[in-house]
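Residues per chain are reported as follows:
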Amino acid sequence: MRFSCAYLVLITSAIAGSSDGINESANKNVLLIVADDGGFQMGAYNSMCITENLDKLAKKSLIFDNAFTAVSSCSPSRSAILTGEPNHQNGMYGLHQGVHHFQSFDQIQSLPKILSKRKIATGIIGKKHVGPADVYPFDFAHTEENNSIMQVGRNITKIKILVREFLAKSKKDPFFLYVAFHDPHRCGHTNPEYGQFCEKFGNGEPGMGLIKDWSPIYYQPDEITPPDLPYFIPFTRAAQEDVAAQFTTMSRLDQGVGLIMKELQSAGVDGSTLVIYTSDNGIPFPSGRTNLYDPGLSEPMLIHSPLHRKRQGKVTYSMTSLLDVTPTILDWFGIEKPSQLTGRSLLPLLTDEPEEDRPIFASHTNHEVTMYYPMRAVRTKRYKLIHNLNYKMPFPIDQDFFISQTFQDMLNRTRNKEPLNWYKTLQNYYYRPEWELFDLRLDPEEYYNVANKKSYKKIFDDLKTQLWQWQNATNDPWLCAPGAVLENTGEFKLHPACLSAGYFNDDLY
C-alpha cells in the first residue's frame with residue numbers, strides 16, 4: 001500500500017515472540033480507540049508526524065497493512081464498527097442528526113447491547129454520533145449528547161480523568177471501553193476560531209484555553225512534502241498548511257492515547273485488556289473521506305493482545321474490514337457471532353497469517369443529508385470494483401471540506417484556469433462512470449479505469465458477482481439500482497427479482 005505500511009520503519013524485530021495464552025485472568029477487557037478522520041500520520045506507517053505513543057503501542061501490536069473501513073463517512077462507519085453490519089443493513093444511511101432522523105433500525109443488536117446482556121460493563125468517552133440511544137446503550141457515557149464534544153473528544157486531560165473514573169467503577173467486572181477521539185477532525189466548519197483542525201484548541205494562547213497534559217508539536221508547511229503530501233492531495237501551499245495543522249492535532253490525539261494506556265496500567269488491567277486502535281474513515285481531503293477510493297477506505301489498525309505475543313510488532317497483509325471489529329470483540333469475550341454478520345474475528349491473525357485471503361466490501365449511501373451518492377465496492381489485494389449508482393449526478397462535496405483552504409484553493413485555481421498540481425481535474429472528480437475497475441498492482445493511484453477493457457472482462461464479471469452476492473447477503477435495498485426495480489413481495493416473495501425499468505434504454509425516449 002503506497003501510503004501506509006509498505007516501508008514500516010519501526011518495528012518488525014522490536015519484540016521477540018513468546019508463547020501465547022499467558023497472563024490469563026478472570027476478566028477479559030476491551031479498549032477500542034477510534035480516531036475521527038484519522039489516517040496514516042504516525043511513525044509506524046512511515047510518516048514524519050511525531051506520534052511516540054502510537055508508535056509505542058504499535059511495537060506491541062499486530063500492525064495492519066490492508067485494513068479498510070466499511071463506509072467512508074462518520075456515523076455510518078461508527079454504526080458498522082459497533083454492529084458488524086454495513087450502513088445499508090443497520091439503517092444508518094448518513095450522518096446521525098435528529099432533524100434528518102438518520103439512525104439505525106430499532107431491532108439492531110449493537111455491540112454494547114450484546115455485551116450488557118452478558119454483564120460486561122460498557123463505556124463510551126468522546127464522539128458517539130450514532131443512534132437511537134436504545135440501540136447503542138452504554139452504562140457509562142460522556143459524549144456530545146451530554147457534554148461539549150470539544151471537551152470529551154479533544155481535551156485529553158478530561159478524557160484521562162473520565163477513563164480513570166470508568167475503570168474505578170468497573171474494577172470488579174469485565175469491561176468494554178470505547179474512546180472516540182474527535183481529533184484530528186476538521187474544525188473550520190464549526191469552530192474556525194481554533195484553526196482548520198482545532199490545532200489551537202487548548203494550546204495556552206489567549207482565548208484558546210489550556211489542556212494541561214498536551215505539549216503541542218508544530219510543523220512548518222515547507223516540511224510537508226511527499227510522502228506526507230501523498231498523490232491525492234494537491235502539492236500547493238494551501239494543502240501544505242492544512243496538513244501541517246492536521247499533524248499538530250495528531251500530536252494531541254497521540255498524547256491522549258499515551259494517557260489512556262497509563263490509566264490501564266495504573267488500574268492493573270493492562271495485562272487483561274485487548275486494545276484496538278483505528279479510525280472511522282479516510283482523511284478529509286480530495287479522494288479521501290466520503291470516497292470509496294483507497295484514500296477514503298484505507299485505515300490504520302493496531303491490535304494489541306496481552307495474551308498473544310507471537311506476532312507483536314509484526315505486520316499482517318491480510319484483507320481486513322472494520323466490519324470485523326464486532327466479531328473480534330465478541331470472540332475475545334467468548335460470545336458467538338450473530339449469523340447475519342459477514343465479518344470475521346481477527347484474533348486468529350494474532351497467531352498466524354492466513355494462506356488464503358478474502359475480499360472486503362464497502363457501502364456508501366449518504367454523508368450529509370444532501371449528499372446522496374450511493375456507491376458499492378469490492379476490493380481484493382489486486383483489484384477494486386466501484387459501482388457508482390448515482391453516476392448521472394456530480395459527486396457531492398461536504399460542507400466541512402468545502403470551506404477548507406485546500407478545496408477553496410482548488411476551486412479558485414480551476415476557475416482561473418491555473419494548474420492544480422493534482423492528479424485529477426475537478427471535472428473528472430465530480431463526474432464518474434457507473435463502473436470503475438482498477439488494477440491496483442499497475443495503477444495504485446486508481447487513475448485508469450479498465451472496466452470496459454476486454455482483457456479485464458473476466459475480472460470485472462467475477463468482482464461484480466461477488467459484490468452482488470454480498471449485497472444480497474446483507475439485504476441491500478439498492479441491490480438492483482440503478483437500472484432496475486427490486487420486487488421481493490407478493491408474487492415475488494419466494495423469488496425476488498430485479499426487473500428492468502428501461503431507465504437507460506434509448507428506445508424508450
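Scroll up a little and you will see the structure.
Quick caveat: nothing in here was measured; it's all calculated off a predicted structure.

Participant: Explain the state of the cysteines here, please?
Facilitator: Each disulfide is one covalent bond, formed between the sulfur atoms of two cysteines. Counted according to the given criterion, the structure contains two disulfides. Each sulfur in the disulfide pair Cys187 and Cys198 lies 1.8 Å from the other. In this pair, Cys187 is assigned in the loop between strand 6 (175-180) and helix 7 (237-266) and Cys198 in the loop between strand 6 and helix 7, connecting sequence segments 11 residues apart. Accessibility expressed as a relative area gives 0% for Cys198, which makes it buried.

Participant: What is the right way to read helix 1 (residues 52-59) from this model?
Facilitator: It helps to recall that an α-helix has 3.6 residues per turn; residues three or four apart then point in one direction. Along helix 1, the positions that sit buried rather than exposed are Leu54, Asp55, Leu57 and Ala58. The arc that holds every buried residue of helix 1, seen down its axis, measures 160°, which confines them to one face. Relative to its buried face, helix 1 has exposed residues pointing more than 90 degrees away, namely Glu52 and Lys56.

Participant: Just to check I follow, could you spell out the packing of helix 1 against helix 7 for this structure?
Facilitator: Two elements in contact, helix 1 and helix 7, have axes whose closest approach is 7 Å; the angle formed by their N-to-C orientations is 50°. Considered as vectors, helix 1 and helix 7 are oriented oblique to each other. In contact with Glu52, Asn53, Leu54 and Leu57 of helix 1, helix 7 contributes Met250, Leu253, Asp254, Gln255, Val257, Gly258 and Met261. Of the residues in the contact of helix 1 with helix 7, the class split is six nonpolar, three polar and two charged.

Participant: Looking at this structure, how should I read the pattern of salt bridges?
Facilitator: As a working rule, side chains carrying opposite charge can pair if their charged atoms are close by. This structure, assessed with the given rule, holds 27 salt bridges. Put simply, Asp294 and Lys384 hold a salt bridge, and the shortest N to O gap is 2.7 Å. Of this pair, Asp294 sits in helix 8 (residues 294-297) while Lys384 sits in strand 14 (residues 383-388), placing them 90 residues apart in sequence. A relative accessible area of 0% means that Lys384 is categorised as buried. Linking Lys384 and Glu446 is a salt bridge whose minimum nitrogen-to-oxygen distance equals 2.7 Å.

Participant: Would you take a moment to explain the side chain of Arg186 for this structure?
Facilitator: Following the sequence through the fold, Arg186 ends up in the loop between strand 6 and helix 7. A distance of 3.3 Å separates a polar atom in the side chain of Arg186 from a polar atom in the side chain of Gln196. Here the side chain of Arg186 touches Pro284 through a polar contact of 3.1 Å, landing on its backbone oxygen. Residue contacts for Arg186: discarding those within four places in its chain leaves Arg154, Gln196, Phe197, Asp242, Pro284, Phe285, Asp400, Phe401, Ser404 and Thr406.

Participant: Would you explain the nonpolar core in this entry?
Facilitator: Grouped together as the largest cluster of nonpolar side chains are 85 residues, with contacts concentrated most on Leu31, Phe181 and Tyr277. Per element, the largest residue contribution to this core is 12 residues, and it comes from helix 7. Leaving out residues up to four positions away in the same chain, Tyr277 has contacts with Ile33, Ala35, Met42, Leu54, Leu57, Met250, Leu253, Pro300, Met301 and Leu302. In this structure, Phe64, Ile81, Ala180 and Leu274 belong to the second largest nonpolar core, which totals 38 residues.

Participant: So what exactly am I meant to see when it comes to unusual backbone geometry here?
Facilitator: Cis peptide bonds are those with omega within 30 degrees of zero, and the linkage from Asp183 to Pro184 qualifies with -5°. The omega torsion across Pro226 and Pro227 is 5°, close enough to zero to call that bond cis. Residue placement: Pro227 occurs in the loop between strand 6 and helix 7. One non-glycine residue, His101, adopts positive backbone phi at about 60°. Take His101: it is sitting in the loop between helix 3 (87-90) and helix 4 (111-117). Judged by its relative accessible area of 56%, His101 falls in the exposed class. The backbone phi angle of Ser287 is positive, close to 70°, even though this residue is not glycine. With respect to the helices and strands, the residue Ser287 is situated in the loop between strand 7 (273-279) and helix 8.

Participant: What is the right way to read the environment of Leu420 from this model?
Facilitator: Within the fold, Leu420 resides in the loop between helix 11 (405-415) and helix 12 (426-430). The exposure class assigned to Leu420 is buried, which follows from its relative accessible area of 12%. Put simply, Leu420 and Phe235 are 185 residues apart on the chain and 8.1 Å apart in space, counted from C-alpha to C-alpha. Discounting residues that sit within four places of it in the chain, Leu420 has contacts with Pro234, Thr236, Met410, Arg413, Thr414, Thr425 and Leu426.

Participant: What is the right way to read the packing of helix 6 (residues 156-169) against helix 7 from this model?
Facilitator: Between two packed helices, both the angle of their axes relative to each other and the distance between the axes serve to describe the pair. Where helix 6 meets helix 7, the closest approach of the two axes is 9 Å, and the angle between their N-to-C directions is 25°. Comparing the axis directions of helix 6 and helix 7 gives the class roughly parallel. Crossing of helix 6 over helix 7 shows right-handed handedness. Packed against helix 6, whose contacting residues are Ile156, Ile159, Lys160, Val163, Arg164 and Leu167, the element helix 7 presents Arg252, Gln255, Gly256, Leu259, Ile260, Glu263 and Leu264 at the interface. Here the residues of the contact of helix 6 with helix 7 sort into seven nonpolar, two polar and four charged.

The rules we used
Residues numbered from 1 in each chain as written. Predicted model: local features only at pLDDT ≥ 70, side-chain atom pairs only at ≥ 80, totals over all residues. Heavy atoms only, no water. Disulfide = S-S within 2.5 Å. Helix = DSSP H or I, 4+ residues; strand = E, 2+ residues; numbered from the N terminus. Buried < 20%, exposed > 50% of the residue type's maximum accessible area, 1.4 Å probe, protein only. Arc of directions from axis to C-beta. Axes fitted to C-alpha atoms, helices over the stretch in contact; angles between N-to-C directions. Parallel < 35°, antiparallel > 145°, perpendicular 65-115°, else oblique. Contact = heavy atoms within 4.5 Å. Nonpolar A, V, L, I, M, F, W, Y, C, P; charged D, E, K, R; others polar. Salt bridge = Lys/Arg side-chain N within 4 Å of Asp/Glu carboxyl O. Polar contact = N/O pair within 3.5 Å; in protein donor to acceptor, adjacent residues only side chain to side chain. Core = buried A, V, L, I, M, F, W, Y, C linked by side-chain atoms within 4.5 Å. Left-handed = near helix turned anticlockwise from the far one by under 90°.

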